[in-house]
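Given next are the chains, with one letter for each unit.
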Amino acid sequence: MTWDELLDRLFDRYTVDMDEADRQEIRENIVQDAYVELAAFIGYGIDQGDLSDEEIDAALKFSERTPIMKRSLITDALEELKASRAST
């Protein structure tokens, strides 16, 4: 079982008696928390200078579709890192 499957199973089990608005709010909080943690790892990878080109591209795609990341310093740093690698 993947962590996604476990999350879905437990979410369904423990929120079954909640109304849909409360269920949606919890789901959104889970997703937002995951985004924050992923953004932290991306930032750490930028600081360490060890992100691969594939990871940079994936992080940029993530930032394009994630409101918390749009126009962020992390996105700016990723774009600069990608541009600097392209010019070398």
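These notes cover the structure that comes with them.

Analysis parameters
- Residues numbered from 1 in each chain as written.
- Predicted model: local features only at pLDDT ≥ 70, side-chain atom pairs only at ≥ 80, totals over all residues.
- Heavy atoms only, no water.
- Helix = DSSP H or I, 4+ residues; strand = E, 2+ residues; numbered from the N terminus.
- Buried < 20%, exposed > 50% of the residue type's maximum accessible area, 1.4 Å probe, protein only.
- Polar contact = N/O pair within 3.5 Å; in protein donor to acceptor, adjacent residues only side chain to side chain.
- Expected span 1.5 Å × (residues − 1).
- Contact = heavy atoms within 4.5 Å.
- Core = buried A, V, L, I, M, F, W, Y, C linked by side-chain atoms within 4.5 Å.
- Salt bridge = Lys/Arg side-chain N within 4 Å of Asp/Glu carboxyl O.

### A closer look at the side chain of Thr15
And then number 1: By the secondary structure assignment, Thr15 is in the loop between α1 (3–14) and α2 (20–48).
And then number 2: The class for Thr15 is buried, based on a relative accessible area of 5%.
And then number 3: A polar atom in the side chain of Thr15 sits 2.5 Å from the backbone oxygen of Phe11.
And then number 4: Of note is the side chain of Thr15, whose polar atom sits 2.6 Å from the side chain of Arg23.

### Here's the deal with α2
And then number 1: With 29 residues, α2 extends 42 Å between its outermost C-alpha atoms, agreeing within 8% with the 42 Å of an ideal straight helix rising 1.5 Å per residue.
And then number 2: Along α2, the residues that are buried comprise Arg23, Ala39, Ile42, Gly43 and Gly45.
And then number 3: Along its buried surface, α2 packs onto α1, α3 (53–65) and α4 (73–86).
And then number 4: Capping the start of α2 is the job of one residue whose side-chain oxygen sits 3.1 Å from the backbone nitrogen of Ala21: Asp19.
And then number 5: Of the residues one or two after α2, Gly49 is the one with positive phi, at around 70°.

### What to know about the nonpolar core
And then number 1: Ranked by size, the top nonpolar core spans nine residues in total: Ala39, Ile42, Leu51, Ile56, Ala59, Leu60, Phe62, Met69 and Leu78.
And then number 2: For this core, the elements supplying multiple residues, two or more each, are α2 and α3.
And then number 3: Broken down by element, this core gets its largest block of residues, four residues, from α3.
And then number 4: Leaving out residues up to four positions away in the same chain, Leu51 has contacts with Ile42, Gly45, Ile46, Ile56, Leu78 and Arg85.

### Examining the environment of Asp76
And then number 1: With respect to the helices, strands and loops of the structure, Asp76 is situated in helix α4.
And then number 2: The spacing of Asp76 and Arg23 is 53 residues in sequence and 34 Å in space, taken between C-alpha atoms.

### Regarding the pattern of salt bridges
And then number 1: In this structure the tally under the stated criterion is five salt bridges.
And then number 2: Close ionic contact of Asp8 with Arg27 constitutes a salt bridge, the shortest N to O distance being 3.3 Å. With Asp8 in helix α1 and Arg27 in helix α2, the pair connects residues that are 19 residues apart, well separated along the chain.
And then number 3: The class for Arg27 is partly exposed, based on a relative accessible area of 23%.
And then number 4: With a shortest N-O distance of 2.9 Å, Arg85 and Asp53 are connected by a salt bridge. With a gap of 32 residues between them, Arg85 in helix α4 and Asp53 in helix α3 connect regions that are remote in the sequence.
And then number 5: Where salt bridges share partners, they join Asp12, Glu20 and Arg23 into one cluster.

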